[in-house]
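Each chain, written out:
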Amino acid sequence: MSKHLIDLVGVRKTFDGEDALKNINLYIRDGEFLTLLGPSGCGKTTTLRLIAGFILPTEGKILIDGQDVSNVPPYKRRVNTVFQKYALFPHLDVYDNIAFGLRIAKLSEDEIDARVNEMLEIVSLKGFENRRTTTLSGGQQQRVAIARALANRPGVLLLDEPLGALDLRLRKDMQNELKRIQQQLGITFIYVTHDQEEALTMSDTVVVMDRGHIQQIGTPEDIYNEPKNAFVADFIGESNILDGVMRDDYLVEFFGRKFKCMDKGFGKNEPVDVVIRPEDIDIVPADAGHLSGTVTSVTFKGVHYDIIVDFKGFKWLIQTTDHQPEGAHIGIKLTPDDIHVMKKTEYSGMYGDYSSYSAEYDEINDPDAVIGEEDEALPQEERDEE
Amino acid sequence: MKNKMLAVPYLVWMAVFTIIPLAIVFYFAFTDTVTGEATFRNIVLLGQYGSILFKSAWLALVSSLLCLIIGYPVAYYIAGCSPRKQRFLYMLVMLPMCMSFLLRTLAWVALLEDTGIINRFIITLGLRPLPLIRNDGAVILGMVYNFLPYMILPLYSVIMKIDPRLIEAAQDLGCNSRQVFGKVVLPLSLPGMISGVTMVFVPAVSTFYISQKLGSSGTALIGDVIESQFKTAYNPNLGAAMSLGLMAVVFTCIALMNRFSGDDGESMVTV
């Protein structure tokens, strides 16, 4: 797990004078499931295509197994790709599609047969050998594409938004299936997606990208719980992002209030972005909360309600399983766990705003009280109402 | 319902100018020239022209294959160019088609004649003039020259439509550029080859002008013979029978080629 299988060293890629990727440094460990996540145009597919060899880096090096492959053509690389829209050969049937790479490698027909059957087994397509690929459903075509790429026993499987064209239900099934295949075969997967949920569900490591830069690398938990900047916080899940000032280690001020938090290492009085996840916010009666506001909209989402709460002009998104009627006056409570502090970046102020910011928030009577400290002392009745 | 009404003018057109004439051809082919009685004599007489029919088909086939060999690399090259260059080259391929077919053929006569431009040049070099005209080679040359665009255009449009991801997929699976061409591009351009060959073969097999101008008296093709039945021999009944014979040959050839093109997609739904 610790060996570097692929290294991208200072990789830059320019298309028509425009930087698509700027100074990408990334290593991928043997056997891991790594996801490149970001909005369209962020450079994730470019990164994948560089690894596959379809395009060459303008600057920097790509190493596979420690060998510089920056200028090696794709057919000589030990990687295989599952394409976005499958790219199955329409003139070949399922069997011949899967056998394609093996025939090029000039394996014996016996061995090809054994491998193709093994692959059909893995992707659960036994009995489909002689079907034309054009007669298969999207999910089945996807499986053929995976089998075709895996048949070559690549060191790395590259997947370019492979589930993008499938409906939600099938996508969920295929997510599980892909994860199972990856664990069963122990092959390194590099997976490109713009779907944050997909990335969190499947990956060992998530690489969040935007504007040709890597924004953050980490485990799904890290990325979700400790986003590095407003972009990551907003892209991965929903976030309320507020302007704040770090008054001290473990103490942040926003909305004119000081809150206990879990973050340290910022400069004294450094302006920061404060992230509060909508599902972390506890709703309490208006007079029992740290802040109180009015519900302005309620949207039923199945598992929970999305409610927008107006705190004197600044609107937060809160997710709750308890129905709150529109117009209700409610209070919220924040624990230090709920508050995540990030350094200011170029993205500050661009995201996490469910309205325009209002600095005139003074709902709480004592502006100097440090909220969060007295949590342990809350009476039991109030806790039950959370 | 309204959409169906829009098709009516063409349906009428087709009935008046395709179905009815075809019926008349059938009627003539199976009636006697003099008495007008129903007869199979014209069809039986076709046997005498079998060798001409065969020769026509043969020359047309050779021309089609030459067009394919010449046209494929051109189409492949154009399909790989930048869109701007593609438009320009496409126009260049189309350009000869904008000029009169007769004029183009006559131009070849002027070039190839015993006293034509090429031979006069050869004579000035002090060499003996070459027999460039009045032979099968000249007829094939005329066919290839005139019908080449019909080969290039369908090939170009098919090659253009090949998904570049399929080529990447082949590279990804270990194909070098030669293998990519042989395993993916060539098989996927087969429909273009079939339609190109058909588009060249059909007009070539029935042409009469090219063979009259560039061929010898011995290279009369079925088109020439049919023409002469109407214009000089005054036997429209035999001419009609020959037309039917030609149609049969063309249909057979097209059917054979479609057979080769294989089972394209939908027709192969199994299991």
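Please read all numbers here as calculations on a predicted model, not as lab measurements.

Draft legend 1. Structural detail: the overall build of chain B. Check the secondary structure of chain B and you find 14 helices and 0 strands. Start at the N end of chain B and walk to the C end: the helices and strands fall as α-α-α-α-α-α-α-α-α-α-α-α-α-α. Judged by the C-alpha coordinates and their principal axes, chain B covers about 70 × 70 × 35 Å. Every one of the 271 residues in chain B was classed for burial, and the buried ones make up 38%. Taking contacts inside chain B between residues at least 6 apart in sequence as the whole, the part at least 24 apart equals 70%. Summed over its atoms, the accessible surface of chain B is roughly 15,500 Å², and 72% of this surface lies on carbon and sulfur atoms. Between the centroid of the 18 positive side chains of chain B and the centroid of its 13 negative side chains there is a distance of 8 Å.

Draft legend 2. Highlighting the interface of chain B and chain A. At the interface, 22 residues of chain B touch 26 residues of chain A. Together, the buried faces of chain B and chain A total about 2,200 Å²; carbon and sulfur atoms form 63% of this surface. Summed over the three residues of chain B that lose the most area to chain A, namely Arg165, Asp172 and Leu173 of chain B, the buried surface amounts to 32% of that side. There are 1 salt bridge connecting chain B and chain A. With a closest N to O distance of 2.6 Å, Glu168 of chain B and Arg49 of chain A form a salt bridge. Broken down by secondary-structure element, the contributors of at least two residues to the side of chain B that touches chain A are α9 (164–172) and α10 (177–188) of chain B. Broken down by element, the residue count for the side of chain B that touches chain A peaks at 7 residues, all from α9 of chain B.

Draft legend 3. Layout of the pattern of salt bridges. Residue and element names in this part refer to chain A. Counted according to the given criterion, the structure contains 30 salt bridges over all chains. Between Lys3 and Asp65 there is a salt bridge; the shortest N-O distance is 3.7 Å. Here Lys3, found in the segment before β1 (4–15), pairs with Asp65, found in the loop between β4 (59–64) and β5 (67–68); they are 62 residues apart in sequence, far enough to count as distant. Owing to a relative accessible area of 35%, Asp65 belongs among the partly exposed residues under this scheme. In this structure, Arg12 engages Glu59 in a salt bridge whose closest nitrogen and oxygen atoms are separated by 3.1 Å. Taken as a pair, Arg12 in strand β1 and Glu59 in strand β4 lie far apart in primary sequence, 47 residues in all. Judged by relative accessible area, which is 24%, Arg12 ranks as partly exposed. A cluster of three or more residues bridged by salt bridges with shared partners is formed by Lys3, Asp30, Asp65 and Arg78.

Draft legend 4. View of the side chain of Asp263 of chain A. Residues and elements named next belong to chain A. Tracing the backbone through its elements, the reader meets Asp263 in the loop between β13 (257–260) and β14 (270–276). It turns out Asp263 is buried and unbridged, and the closest side chain with the opposite charge, Lys264, is 9.6 Å from it. If we skip the residues at most four places from it in the chain, Asp263 touches Glu226, Met246, Asp249, Tyr250, Ile339, His340 and Val341.

Draft legend 5. Representation of the packing of aromatic side chains. Residues and elements named next belong to chain A. Across all of its chains, the model carries 23 aromatic pairs over all chains by this definition. When the centroid spacing of 5.1 Å and the interplanar angle of 35 degrees are considered together, the rings of Phe231 and Tyr347 count as tilted. In this pair, Phe231 sits in helix α8 (residues 230–235) while Tyr347 sits in the loop between β20 (339–343) and β21 (370–371), placing the two residues 116 residues apart along the sequence. Judged on exposure class, the residue Phe231 and its partner Tyr347 are both buried.

Draft legend 6. Representation of the nonpolar core in the model. Residues Ile6, Phe89, Phe100 and Ile190 of chain A are the most contacted members of the largest nonpolar core, which totals 92 residues. Looking at this core element by element, the count peaks at 13 residues for helix α8 (residues 136–160) of chain B. With sequence-adjacent residues up to four places away left out, Phe89 of chain A is seen in contact with Asn97, Phe100, Thr133 and Arg148 of chain A together with Leu166, Ala169, Ala170, Leu173 and Val184 of chain B. Residues Val82, Ile98, Ala99 and Tyr191 of chain A belong to the second largest nonpolar core, which totals 36 residues.

Draft legend 7. Layout of the environment of Asn42 of chain B. All names here are of chain B. Along the chain, the position of Asn42 falls in helix α3 (residues 41–45). On the accessibility criterion, Asn42 (1% relative accessible area) is buried. Along the primary structure Asn42 and Tyr150 are separated by 108 residues, whereas in three dimensions their C-alpha atoms are 34 Å apart. A polar side-chain atom of Asn42 sits 2.9 Å from the main-chain carbonyl oxygen of Thr31.

Draft legend 8. Expanded view of the confidence of the model for chain A. Residues of chain A with pLDDT of at least 70 account for 91%, and the chain-wide mean is 85. In the predicted structure, residues 373–386 of chain A sits below a pLDDT of 50 and forms 17 contacts with residues beyond four places in sequence or in another chain.

Draft legend 9. Structural view of the sheet that holds β1 of chain A. All names here are of chain A. Strand order in the open sheet formed by 4 strands is β2-β1-β4-β5, with antiparallel pairing between adjacent strands. Every interior strand has two partners, whereas the edge strands, β2 (18–29) and β5, have only one. Pairing analysis gives 2 bridges linking β4 to β5, with the strands arranged antiparallel. Looking at β5, one finds that Ile64 is bridged to Gln67. Its contacts with the sheet place helix α1 (residues 44–52) against β1, β2 and β4, and it is angled at close to 120 degrees to β1.

Draft legend 10. The arrangement of the confidence of the model for chain B in detail. Residue and element names in this part refer to chain B. Chain-level statistics for chain B give a pLDDT mean of 88 and a share of 95% at 70 or above. The low-confidence segment residues 263–271, where pLDDT is below 50, has 9 contacts with residues more than four positions distant or belonging to other chains. With pTM at 0.78, the complex prediction returns an ipTM value of 0.76.

Draft legend 11. View of the packing of α9 of chain B against α10 of chain B. All names here are of chain B. The contact between α9 and α10 brings their axes to 10 Å, and the two run at 155 degrees. Relative to α10, the element α9 is oriented roughly antiparallel. In the packing of α9 onto α10, the handedness of the crossing is right-handed. In this structure, α9 contributes Leu166, Ile167, Ala170 and Gln171 to the contact, and α10 contributes Val180, Val184, Val185 and Leu188.

Draft legend 12. Main features of unusual backbone geometry. Residue and element names in this part refer to chain A. A positive phi angle, near 40 degrees, is found at Glu161, a position not held by glycine. Here Glu161 shows up in the loop between β7 (156–160) and α5 (168–185). Classification of Glu161 by relative accessible area gives buried; the value is 10%.

Draft legend 13. Spatial organisation of the sheet that holds strand β6 (residues 79–82) of chain A. Residue and element names in this part refer to chain A. Spatial ordering of the open sheet is given by β6-β7-β8-β3-β9-β10, a layout of 6 strands whose pairing is mixed. Of all the strands in the sheet, just β6 and β10 (213–218) have a single pairing partner and so form its edges. For this sheet, the mean inter-axis angle between neighbouring strands, taken without regard to orientation, is 20 degrees. Here strand β9 (residues 205–210) pairs with β10 via 5 bridges, running antiparallel. Bridging from a neighbouring strand, Val207 pairs with Ile217 of β10. Along the sheet, α5 contacts β3 (33–37), β7 and β8 (188–193); its crossing angle with β8, the most-contacted strand, is approximately 155 degrees.

Procedures and definitions
- Residues numbered from 1 in each chain as written.
- Chains lettered and ligands numbered in written order.
- Predicted model: local features only at pLDDT ≥ 70, side-chain atom pairs only at ≥ 80, totals over all residues.
- Heavy atoms only, no water.
- Helix = DSSP H or I, 4+ residues; strand = E, 2+ residues; numbered from the N terminus.
- Buried < 20%, exposed > 50% of the residue type's maximum accessible area, 1.4 Å probe, protein only.
- Contact = heavy atoms within 4.5 Å.
- Areas by Shrake-Rupley, 256 points an atom, 1.4 Å probe, with all protein chains shown as cover.
- Lys, Arg positive; Asp, Glu negative; His and termini not counted.
- Charge placed at Lys NZ, Arg CZ, Asp CG, Glu CD.
- Buried area = accessible area lost by both parts, 1.4 Å probe.
- Salt bridge = Lys/Arg side-chain N within 4 Å of Asp/Glu carboxyl O.
- Phe/Tyr/Trp six-rings, centres within 6.5 Å; stacked < 30°, edge-to-face > 60°.
- Core = buried A, V, L, I, M, F, W, Y, C linked by side-chain atoms within 4.5 Å.
- Polar contact = N/O pair within 3.5 Å; in protein donor to acceptor, adjacent residues only side chain to side chain.
- pLDDT = per-residue confidence, 0-100.
- Pairing = 2+ DSSP bridges.
- Axes fitted to C-alpha atoms, helices over the stretch in contact; angles between N-to-C directions.
- Parallel < 35°, antiparallel > 145°, perpendicular 65-115°, else oblique.
- Left-handed = near helix turned anticlockwise from the far one by under 90°.

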